[in-house]
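Take a look at the letters that make up each chain.
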Amino acid sequence: DAGVTQSPTHLIKTRGQQVTLRCSPISGHKSVSWYQQVLGQGPQFIFQYYEKEERGRGNFPDRFSARQFPNYSSELNVNALLLGDSALYLCASSRGQLGTYNEQFFGPGTRLTVL
Amino acid sequence: GIQVEQSPPDLILQEGANSTLRCNFSDSVNNLQWFHQNPWGQLINLFYIPSGTKQNGRLSATTVATERYSLLYISSSQTTDSGVYFCAGGIGTGGTSYGKLTFGQGTILTVHP
């Protein structure tokens, strides 16, 4: 079975630009979460979507937004990029929200560099 | 939100040695996972273990939920075990999301041949 896939793998943008990152969950998984990992730190939660609805939001500015599509894939959008947005962006999927269904599996990430 | 503290921050071993990594939580969690992050950034699932003990080959984990800590044991370490180990926990209440994982700062493990 294919794991979580993310695109693109690498991205270079300049300050002020906008970026869209994409994630496809494991087949049969209905929940997608997004995390930001800056160098030397653990991942930080940005959003969770379950059944196409936002179910959780981390402490990130409104420049960050996301959505989930009917096929459960997801996009993360970041507007007005800042240098501090440079990070590895990780997507995770899980089957659902209850018990062992909540075990999260991560994709390979998108490495974003803002110049 | 919950705080997650991992220890030690760095660990250097000779191949064949055993090690114990610890994760403390500031509050009870419903979801607890251990991950190994490889040099390319991929987070690899090791254990889903909100309570109890599990074993997978040379790795095992124990979570004592009532005391809010979890331990990851690595026996007979190999150079391929090198990397960053993260624990992460989450809290869910009622029908709301369990999806937020809060990560610790990680333990950097280096295994020398």
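Whatever comes next refers back to the structure up there.
### Re the nonpolar core
In terms of nonpolar packing, the biggest core is built from 22 residues, with Trp34(A), Ile46(A), Leu76(A) and Tyr89(A) touching the most fellow members. Elements supplying a minimum of two residues to this core: strand 3 (19-24), strand 4 (31-37), strand 5 (44-50), strand 7 (64-68), strand 8 (74-78), strand 9 (87-94) and strand 11 (110-114) of chain A. Ignoring any residue separated from it by four or fewer positions in sequence, one finds Tyr89(A) in contact with Gln6(A), Leu21(A), Tyr35(A), Gln36(A), Ile46(A), Phe64(A), Leu76(A), Gly109(A), Thr110(A) and Leu112(A). Leu13(B), Phe25(B), Trp34(B) and Ile74(B) belong to the second largest nonpolar core, which has 21 residues in total.

### A short note on the sheet that holds strand 8 (residues 69-74) of chain B
Residue and element names in this part refer to chain B. Taken in spatial order, the five strands make up an open sheet running 1-3-8-7-6, and their pairing is antiparallel. Edge strands, defined here as strands with exactly one partner in the open sheet, are strand 1 (4-7) and strand 6 (52-56). Strand-to-strand twist across the sheet, computed as the mean angle between neighbouring axes with direction ignored, equals 15 degrees. As judged from the four bridges shared by strand 1 and strand 3 (residues 19-25), these two strands associate in the antiparallel manner. Along strand 3, the bridge assignment pairs Gln6 with Cys23.

### Structural notes on the side chain of Thr20(A)
All names here are of chain A. On the secondary structure map, Thr20 appears in strand 3. Under the relative-accessibility criterion, Thr20 is labelled buried at 18%. Looking at Thr20, its side chain comes within polar contact range of the side chain of Gln18, at 2.9 Å. Among the polar contacts listed, one links the side chain of Thr20 to the side chain of Asn77, at a separation of 2.6 Å. Setting aside its immediate chain neighbours within four residues, Thr20 contacts Pro8, Glu75, Leu76 and Asn77.

### Quick look at the pairing of strand 9 (residues 83-90) of chain B
All names here are of chain B. Strand 9 sits mainly inside the fold: seven of its eight residues count as buried. With seven bridges connecting them, strand 4 (residues 31-37) and strand 9 associate as antiparallel partners. Considered in strand 9, the bridge of Leu32 is made with Gly89.

### A closer look at the sheet that holds strand 1 (residues 5-7) of chain A
Residue and element names in this part refer to chain A. The antiparallel open sheet is built from four strands, whose spatial order is 1-3-8-7. The strands lining the two open edges of the sheet, one partner per strand, are strand 1 and strand 7. Strand-to-strand twist across the sheet, computed as the mean angle between neighbouring axes with direction ignored, equals 15 degrees. Relative to strand 8, strand 3 runs antiparallel, the two being bridged by five bridges. Each residue of the ladder has a partner; that of Thr20, found in strand 8, is Asn77.

About the cut-offs
Residues numbered from 1 in each chain as written. Chains lettered and ligands numbered in written order. Predicted model: local features only at pLDDT ≥ 70, side-chain atom pairs only at ≥ 80, totals over all residues. Heavy atoms only, no water. Core = buried A, V, L, I, M, F, W, Y, C linked by side-chain atoms within 4.5 Å. Buried < 20%, exposed > 50% of the residue type's maximum accessible area, 1.4 Å probe, protein only. Helix = DSSP H or I, 4+ residues; strand = E, 2+ residues; numbered from the N terminus. Contact = heavy atoms within 4.5 Å. Pairing = 2+ DSSP bridges. Axes fitted to C-alpha atoms, helices over the stretch in contact; angles between N-to-C directions. Polar contact = N/O pair within 3.5 Å; in protein donor to acceptor, adjacent residues only side chain to side chain.

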